[in-house]
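An overview of the molecular structure
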Amino acid sequence: MMAEANRYYFLLLTIPLIIVQQLFTLFPVIVIIAVHLLLFPVPEAFFYSLTGTAAGSLLCFSIVHEFGGRYYERFWRNNRSRFARAERLIQSYSFYGIVLLRSLPFMPSNLISAAAAVSRISKRTYFFSTLVGNASMVWMLSLLSAPVWIGNTDMFVFYLIGYVLFAAGFVVLFFIDRRKEQFV
């Protein structure tokens, strides 16, 4: 019973590490997500991972929005061609663009947050797109790390089908939203 309670102490390390990772991309966040999935039941691990990634993304957005304008402009001048497509997605599709970018496992979260911070996206839209996008990211990285933490293939299939349904629902909402805009 005591050993089970001790695993919660790991959160004192892993949550701040996820937040730092969302600011500086020092290591792959998939490692901490896999640790959470090894230590806790899936819904609990998902919640802890989502909480840390969302908090870090919101902090990064706030810092760049308030203080990082000049640094970001210099970075963007030097890397514009490399990340121009991501910038267009955020500017054109705001909510959906951020969710899509966060769903791609190779996109650095801090760059998404920084690009959103200097764009015209509202803080409210950023907040909700970050929650949905980070849920997608945690789910995707959980699937990629499944061989490490998942015990049986039935659970993997259930988890995979859940993500496919989530992604399909998101795509349907996108097209419904775009169709509504055509008639406005």
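All of the points below concern the structure found in this document. Please read all numbers here as calculations on a predicted model, not as lab measurements.

**Remarks on the overall build of the protein chain**
If you tally the helices and strands in the protein chain, you get nine helices and zero strands. Secondary structure elements of the protein chain, listed N to C terminal, follow the sequence α-α-α-α-α-α-α-α-α. Relative to the globule expectation of 16 Å for 184 residues, the C-alpha radius of gyration of the protein chain, 17 Å, shows essentially globular dimensions. Its C-alpha atoms put the protein chain at 55 × 40 × 25 Å along the principal axes. Counting across all 184 residues of the protein chain, residues that qualify as buried make up 42%. A fraction of 72% describes how many contacts in the protein chain between residues 6 or more apart in sequence connect residues 24 or more apart. For the protein chain, the computed accessible surface area is about 10,900 Å², with 68% contributed by carbon and sulfur atoms.

**As for the side chain of T14**
Mapped onto the elements, T14 comes out in helix α2 (residues 11-24). Those residues in contact with T14, other than ones at most four positions away along the chain, are I32, V35 and H36.

**A word on the packing of aromatic side chains**
In this structure the tally under the stated criterion is 16 aromatic pairs. Between F61 and Y126, the ring centres sit 4.0 Å apart and the planes meet at 15°, which makes this aromatic pair stacked. Residue F61 is found in helix α4 (residues 42-67), and its partner Y126 is found in helix α7 (residues 123-144); the two are separated by 65 residues along the sequence. Of the two residues, F61 and Y126, neither departs from the other in class, the shared state being buried. A connected cluster of aromatic rings, assembled from ring pairs, spans F46, W139, W149, Y159, Y163 and F166.

**Regarding helix α6 (residues 109-117)**
Of all nine residues in α6, nine are buried, a share of seventy percent or more. The set of residues buried in α6 consists of S109, N110, L111, I112, S113, A114, A115, A116 and A117.

**A few points about the nonpolar core**
Counting residues in hydrophobic clusters, the biggest one holds 24 residues, and the most contacted among them are I33, L37, F46, W139, W149 and Y159. Among the secondary structure elements, those contributing two or more residues to this core are α2, α3 (29-39), α4, α7, α8 (146-149) and α9 (153-182). It is α7 that provides the largest number of residues to this core, a total of six residues. Of all hydrophobic cores here, the second largest spans 15 residues; its members include I90, L101, I112 and I121.

Quick notes on the rules
- Residues numbered from 1 in each chain as written.
- Predicted model: local features only at pLDDT ≥ 70, side-chain atom pairs only at ≥ 80, totals over all residues.
- Heavy atoms only, no water.
- Helix = DSSP H or I, 4+ residues; strand = E, 2+ residues; numbered from the N terminus.
- Rg over C-alpha atoms; globule rule 2.2 N^0.38 Å.
- Buried < 20%, exposed > 50% of the residue type's maximum accessible area, 1.4 Å probe, protein only.
- Contact = heavy atoms within 4.5 Å.
- Areas by Shrake-Rupley, 256 points an atom, 1.4 Å probe, with all protein chains shown as cover.
- Phe/Tyr/Trp six-rings, centres within 6.5 Å; stacked < 30°, edge-to-face > 60°.
- Core = buried A, V, L, I, M, F, W, Y, C linked by side-chain atoms within 4.5 Å.

What is shown is where atoms sit, not what they do.
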